[in-house]
Amino acid sequence: MSDPRTLGLLPAPADATRLDGDVTLPARVLLRAEPALAPAARWWRRVVEESSQAEVVPLAPGTPEAVDVTFGLDPDVAAGGYRLTVGGADGGAAVAVAAADLAGAFAAAQTLRQLAGPSAYRRAGSAPAPTLPCCRIADAPRFEWRGVLLDVARHFLPKADVLRFVDLAAAHHLNVVQLHLVDDQGWRFESRRFPRLTEVGSWREESTVGTWRTGHGDGRPHGGFYTQDDLREIDAYARERGVMVVPEIDVPGHAEAALAAYPHLASRPGPHEVRTTWGISTDVLAPTDEAVDFFAELLDEVCEVFDAPFVAIGGDEVPTTAWRERVDLVERAARLGYRTADGEGDVARLHGWFLARLAEHLHDRGRRAVVWDEGLCPDLPRDTVVTCWRGWAVAADALAAGHDVVLAPEQVTYLDHRAGDGPDEPIPVGFLRTVEDVYGFEPLPAAFRAERPDLEGADAGRVLGGQAQVWAEHLDSVRRVDYAAYPRLAAFAEAVWSPSRDGDRGRADGEQGRAPGGPASAEFLERLRTHHLPRLDAAGVEYRPLDGPLPWQRRPGVAGHPRDLAAELAAGGWAGVGGWVEGREGPEASVAPAGRTSPTDGAAAG
Ligand code: ACM
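Below: a short report on this structure.

About the cut-offs
Throughout, residues of each chain are indexed from 1 in the direction in which the sequence is written. Given that the model is predicted, a residue must reach a pLDDT of at least 70 before its local features are reported, and side-chain atom pairs must reach 80 or more before they are shown or counted; all residues, however, enter totals for whole chains, interfaces and linings. Think of the side-chain values as coming from all heavy atoms in the structure, minus any hydrogens and water. A pair of aromatic rings is counted whenever rings of Phe, Tyr or Trp (Trp by its six-membered ring) have centres within 6.5 Å, and the orientation is called stacked for planes under 30 degrees apart, edge-to-face for over 60 and tilted otherwise. Secondary structure elements follow DSSP: runs of H or I of four or more residues count as helices, runs of E of two or more count as strands, with numbering from the N terminus. To sort residues, take the accessible area from a 1.4 Å probe on protein chains only and compare it with the maximum for the residue type: under 20% means buried, over 50% means exposed, and anything in between is partly exposed. Counted as salt bridges are all cases of a side-chain nitrogen of Lys or Arg within 4 Å of a carboxyl oxygen of Asp or Glu. In protein, a polar contact means a hydrogen-donor-capable atom and an acceptor-capable atom, both N or O and within 3.5 Å, with residues adjacent in sequence counting only if both atoms are side-chain atoms; elsewhere, any N or O pair within 3.5 Å suffices. Strands were regarded as paired on the criterion that DSSP finds at least two bridges between them. Angles shown run from 0 to 180 degrees and are taken between the N-to-C directions of axes, each axis being a line fitted to C-alpha atoms and, for helices, limited to the stretch in contact. Residues count as neighbours in contact if any of their non-hydrogen atoms are within 4.5 Å of one another.

**Side note on the packing of aromatic side chains**
At step 1: If you walk through the whole model with that rule in mind, you get 13 aromatic pairs.
At step 2: Ring centres of phenylalanine 194 and tyrosine 262 lie 5.9 Å apart, and the angle between their planes is 80 degrees; this geometry places the pair in the edge-to-face category. Taken together, the residues phenylalanine 194 in the loop between strand S11 (186-187) and helix H4 (196-199) and tyrosine 262 in the loop between helix H6 (256-261) and helix H7 (289-305) connect sequence positions 68 residues apart.
At step 3: Note on tyrosine 262: relative accessible area 13%, which makes it buried.
At step 4: Taking the centre distance of 6.1 Å and the plane angle of 15 degrees together, the rings of tryptophan 389 and tyrosine 414 count as stacked. Here the residue tryptophan 389 occupies a position in the loop between strand S17 (385-388) and helix H11 (393-400), and tyrosine 414 occupies one in the loop between helix H12 (410-413) and strand S19 (429-430), the gap between them amounting to 25 residues. Exposure class is identical for tryptophan 389 and tyrosine 414. Each is buried.

Printed below as a string of structure tokens:
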């Protein structure tokens, strides 16, 4: 029977047929792979040898012996996709993978692991060898950028946990991990040129417990950073699984940790400290030539460590309050030709100026900058990718300006936001976003497309895909990261990997029918419960159970800050209401916490 969901795979493949019978591989598995696909075959070999008693023996390409498993090149397979046959219907190898590229072979290897059952997610196993259901699968990704952001700045995550996070992302066919390495509350990237960034910036005196509005610190120092060797290891580890690590150095806002280390870069004289509360800080970098030079040098170091063609430079939530206070910056803006209607220097434009200088610097080194959507401005090099988090409207503007975009709307893809609305939800912040809500994620909803016909203009950029965000203000351990990310990240993965299917279309507007409550959503939940949660259990993932937190996953007495999605959608529509806006505090901001001077201490996630 041909039904992509029949095998319990997650994300569901484009097409799958269950054939009669199963194949148990021999205790000594012979494997042959085209050299271009060898890294994927090697990864699969390691998984099999770790989780069973089987030995997998790679034979050189071109050798004549019959083998059990092949990884072969086929240029007719879609980019990033694969064909997989188990059962040797054509009399060939018991398992045959065909892919046009290494990315496709990695996806096939992950599918093979899923087919072997939950025990394939264990680090040791007593089965003599894996048993696989006979099947034929043809699969390809819906989007090329299937990302997840991991915030290791707000709470440091030990390197081993980052490697595990990458492993789990790869297990869901996600192929981008954006590593948010620096923020007001901590600097995690070892710079050899600027050592104070970690000496001073990598730790803080204490952390706020729950929302910043409590004003309650835990009195406990927090810190950590990754050496360049650690980061090279993370980068290589991800590459060995078909995942690209996009490092993020967030400027010119979210920079208090850098300012604590190098106060001469600040807009205000200080004193500056690594921030111990959450929310948006008005202490930002001064948009000067000196700061551009400093961060250009730093980005050179980042490029030495990370391989990816993309480097994220932030650009979100940048209050210009401190810039307006400085006559020299107002004059600088005027000299650069940035003027308000009444002829004054317009310091707000220095935000784009600053990002554009760094984006050009990266462009000159063969890398593409990635900015959050507030960074969209005419000065940006056209190859800059814009990650749209406040809503959809800005994505249309970025596309029309010729930028490629990644959709990461906080209304759907922020996994630190609360997964349930019961009283036991730990530190409930942000919008209520259930597994089903995330499953319904559509990068550019049909209703929005209908309103913006300019999305597909001749000079428009491309929608690269989508990205889920795991912000970590309230995730102080890998257990909390697991809880926030899973199983919602599995739902997100299917939304960006699996094709839409006509039979799933539940809505008259042609929207892909993954909407909560619909038949596709119900089927997904059942497949998740029956087939996928056992895989996560075997892998040791402490996900949020579908019916709510376990007793030890609660945080009684720690205040969050829920937001009302319906009200914000009514107020902001497709544009959203997130981010810092001149003259208005963020959606969560009300008053500064006791003893703090920052008037705009209110972040999207805080
Ligand atoms: C963001 O949530 N400030 C990108």
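Having seen the model, we can carry on.
**Details of the pattern of salt bridges**
At step 1: The tally for this structure, following the rule as stated, stands at 42 salt bridges.
At step 2: Arginine 123 is the salt-bridge partner of glutamate 50, the closest N and O atoms lying 3.7 Å from each other. Placement of glutamate 50 in helix H1 (residues 38-51) and of arginine 123 in the loop between helix H2 (102-115) and strand S7 (131-139) is noted, with a sequence separation of 73 residues between them.
At step 3: Relative accessible area serves as the criterion here: at 61%, arginine 123 is assigned to the exposed category.

**Looking at the side chain of aspartate 139**
At step 1: Here aspartate 139 is to be found in strand S7.
At step 2: What makes aspartate 139 buried here is its relative accessible area of 4%.
At step 3: A distance of 2.9 Å separates the side chain of aspartate 139 from the backbone nitrogen of alanine 14, its partner in a polar contact.
At step 4: A polar atom in the side chain of aspartate 139 sits 3.0 Å from the side chain of tryptophan 497.

**With respect to the sheet that holds S17**
At step 1: Taken together, the eight strands give a closed barrel; going around it, the order is S8-S9-S14-S15-S16-S17-S18-S20, and neighbouring strands pair in parallel fashion. The average undirected angle you get between the axes of adjacent strands in this sheet is 30 degrees.
At step 2: The pairing of strand S15 (residues 310-314) with strand S16 (residues 368-372) spans three bridges and is classified as parallel. Bridged to valine 311 within S16 is alanine 369.

**Observations regarding the sheet that holds strand S6 (residues 95-99)**
At step 1: Pairing is mixed in the open sheet, where seven strands are placed in the order S1-S7-S5-S6-S4-S2-S3. This sheet does not close on itself; its edge strands, each paired only once, are strand S1 (15-24) and strand S3 (55-59). Strand-to-strand twist in this sheet, taken as the mean axis angle between neighbours without regard to direction, amounts to 20 degrees.
At step 2: Contacting strand S2 (28-33), S3 and strand S4 (69-73), H1 crosses the sheet at an angle of about 160 degrees to S3.

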